[in-house]
Amino acid sequence: MRFPKIYRSLRQLTTDVFAIALGVVLIVSTFQVLPSQAKSAPSVIPGDTSKLIDQRQSPTTAAIGGTSFVTAAVNRVGTAVVRIDTERTITRRVDPFSEDPFFRRFFGDGFSQQMPSEQQLRGLGSGFIIDKSGLVLTNAHVVDKADKVTVRLKDGRTFEGKVQGIDEVTDLAVVKINAGNDLPVAPLGSSSNVQVGDWAIAVGNPLGFDNTVTLGIVSTLKRSSAQVGISDKRLDFIQTDAAINPGNSGGPLLNGQGEVIGINTAIRPDAMGIGFAIPIDKAKAIAMQLQRDGKVAHPYLGVQMLTLTPDLAKQNNTDPNSPIQIPEINGVFVMRVVPNSPAASAGIRRGDVILQVDGKAITSAEQLQNFVEDSRLGQVLQVKVQRGNQTQQLSIRTAELQNAS
């Protein structure tokens, strides 16, 4: 009776052993198949760790490890970036009795003797050396009306700067320092090659923190000064999200190779991460004229203008309180004509719509401004305007803009 039981136990044991053996075979087979579905690990020669290093170094690790491109770019231009300190003395007339009710009651407001009082204003900006002889390029608003300009190099040396020329219209200035003929020079790139999304590195002295570097990208190109809110300038800015603060003005905006592509100039106080730089190609041309002549002559017509579209005109025309009906077309609407200007002399009127200049269609205020800026002083421009339901051809001779404001 016990033999059948022993037989059944042996048979069950044999079955279990077979199942375990089969499972082991399947597991081993799986381990042999899975590696063939991925890239094989590199073979390594004993003592050779190069392949192991390459295997560990992902693109992220490579970018972080070692010297970054920002460091290389800043090292290439850093010694040519300078700090500019300015001093300006203004005289104010102070009335010592103006707040005394006794004197004002008995002698009137005109009795008080005006006494001059001097006040010294200090300013701070940045710049960069563009010539070994000591030419420094910066913003006009950094050194404008300054009585004293001091240029401080990165190595700590300071020199008195002489303003060689200022152009308020493009907000550029050239300052000369006498520091020998072997100064570091910032490598100038080309803003015409800049694309949206390129790296942008701002270098300068924001808020007095010398040698500050910030990183961002080029956010957009050809942002007009009118869009930025600087109506008295004639510029198309490079917009960047690299941090720019007061004191950065005049400092360089670099590309990833450490070349200057712009001059940091303006920020929007009502926004963060929006800064503007003058394209270096524009600055090069202006700097040459400032160095040679001390000023730049800008032609002008003498109109305040607005880009007109059919939709904008329609909105105006459907307003019952609108004082004027505007043609529903594309062009440049003349909002105001400056008295005694070339436009006034040629017969341009408020409410005219400029359609063409020298046979070229004009569809935006920026386009017209650039066309005039690129013309010559005294050049006669053939301007086609629409006045009401009629078109007229007028001849306007450009004249020199005397005051940016």
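Structural data are supplied above this passage.
Residues numbered from 1 in each chain as written. Predicted model: local features only at pLDDT ≥ 70, side-chain atom pairs only at ≥ 80, totals over all residues. Heavy atoms only, no water.

**Student:** How should I be thinking about the overall build of the protein chain in this particular structure?
**Tutor:** The helix and strand tally for the protein chain stands at 11 helices and 21 strands. Put simply, the protein chain has 405 residues, and 37% of those count as buried. Across the protein chain, every contact between residues at least 6 apart in sequence was considered, and the portion connecting residues at least 24 apart equals 63%. Total accessible area computed for the protein chain in this model is approximately 23800 Å², and 53% of it derives from carbon and sulfur atoms. (Helix = DSSP H or I, 4+ residues; strand = E, 2+ residues; numbered from the N terminus. Buried < 20%, exposed > 50% of the residue type's maximum accessible area, 1.4 Å probe, protein only. Contact = heavy atoms within 4.5 Å. Areas by Shrake-Rupley, 256 points an atom, 1.4 Å probe, with all protein chains shown as cover.)

**Student:** I would appreciate a short explanation of the sheet that holds strand E10 (residues 236-240) in the present structure.
**Tutor:** Pairing between sheet strands relies on hydrogen bonds along the backbone, with the strands arranged either parallel or antiparallel. The sheet built from six strands closes into a barrel, its strands ordered E8-E9-E10-E13-E12-E11 with antiparallel pairing. Pairwise comparison of adjacent strand axes, ignoring direction, gives a mean angle of 45° for this sheet. Direction of pairing for strand E12 (residues 260-267) relative to strand E13 (residues 275-279): antiparallel, over a ladder of five bridges. Each residue of the ladder has a partner; that of Ala266, found in E13, is Phe276. In the packing of helix H4 (residues 69-77) onto the sheet, contacts are made with strand E8 (199-204), strand E9 (212-224), strand E11 (252-254) and E12, and the angle to E8 comes to roughly 45°. (Pairing = 2+ DSSP bridges. Axes fitted to C-alpha atoms, helices over the stretch in contact; angles between N-to-C directions.)

**Student:** How do you make sense of the environment of Pro246 when you look at a structure like this?
**Tutor:** For Pro246, the position within the fold is in the loop between E10 and E11. Pro246 gets classed as partly exposed once you look at its relative accessible area, which sits at 48%. In sequence terms Pro246 and Thr265 are 19 residues apart; their C-alpha atoms lie 9.3 Å from each other.

**Student:** Hey, could you run me through the pattern of salt bridges in this one?
**Tutor:** Pairing between side chains of opposite charge can happen when their charged atoms approach one another. Tallied over the full model, the rule gives 11 salt bridges. Glu373 is paired through a salt bridge with Arg234; the nearest N and O atoms lie 2.7 Å apart. Of this pair, Glu373 sits in helix H11 (residues 365-373) while Arg234 sits in the loop between helix H7 (225-228) and E10; the two residues are 139 residues apart in sequence, bridging distant segments of the chain. According to the relative accessible area criterion, Glu373 is buried, its value standing at 14%. Residue classification places Arg234 among the buried residues on the basis of a relative accessible area of 15%. (Salt bridge = Lys/Arg side-chain N within 4 Å of Asp/Glu carboxyl O.)

**Student:** Please explain helix H8 (residues 280-293) as it appears in this structure.
**Tutor:** Owing to its 3.6 residues per turn, the α-helix brings residues three or four apart onto one side. In a regular helix each residue adds 1.5 Å, so 14 residues correspond to 20 Å; H8 covers 20 Å between its end C-alpha atoms and thus fits that length. Along H8, the residues that are buried comprise Ile280, Ala283, Ile286, Ala287 and Leu290. Projected onto a plane normal to the axis of H8, the buried residues spread over an arc of 120° and lie on a single side. Opposite the packed face of H8, turned more than 90 degrees from it, sit the exposed residues Met288 and Arg292. Looking one or two residues past H8, Gly294 carries a phi angle of roughly 85°, positive in sign. (Expected span 1.5 Å × (residues − 1). Arc of directions from axis to C-beta.)

**Student:** What am I meant to see in unusual backbone geometry here?
**Tutor:** Most peptide bonds take the trans form, and the phi angle of most residues other than glycine is negative. Even without glycine at this site, Leu207 takes up a positive phi of about 55°. As for its placement among the helices and strands, Leu207 is situated in the loop between E8 and E9. One non-glycine residue, Asn340, adopts positive backbone phi at about 60°. Under the relative-accessibility criterion, Asn340 is labelled exposed at 75%.

**Student:** Explanation requested: the side chain of Asp85 in the structure shown.
**Tutor:** By the secondary structure assignment, Asp85 is in strand E1 (residues 81-94). There is a polar contact of 3.1 Å between the side chain of Asp85 and the side chain of Arg83. Once residues within four sequence positions are removed from consideration, Asp85 is found in contact with Gly123, Leu124, Lys148, Val149 and Thr150. (Polar contact = N/O pair within 3.5 Å; in protein donor to acceptor, adjacent residues only side chain to side chain.)

**Student:** So what exactly am I meant to see when it comes to the nonpolar core here?
**Tutor:** As a rule of thumb, nonpolar side chains are buried together in soluble globular proteins. If you look at the biggest cluster of nonpolar residues, it comprises 45 residues, and the most contacted ones within it are Ile84 and Val151. Counting residues per element, this core draws most heavily on H8, which supplies five residues. Beyond its immediate sequence surroundings of up to four residues, Ile84 is in contact with Gly123, Leu124, Gly125, Ser126, Gly127, Val136, Thr138, Val142, Val143, Val149, Thr150 and Val151. (Core = buried A, V, L, I, M, F, W, Y, C linked by side-chain atoms within 4.5 Å.)

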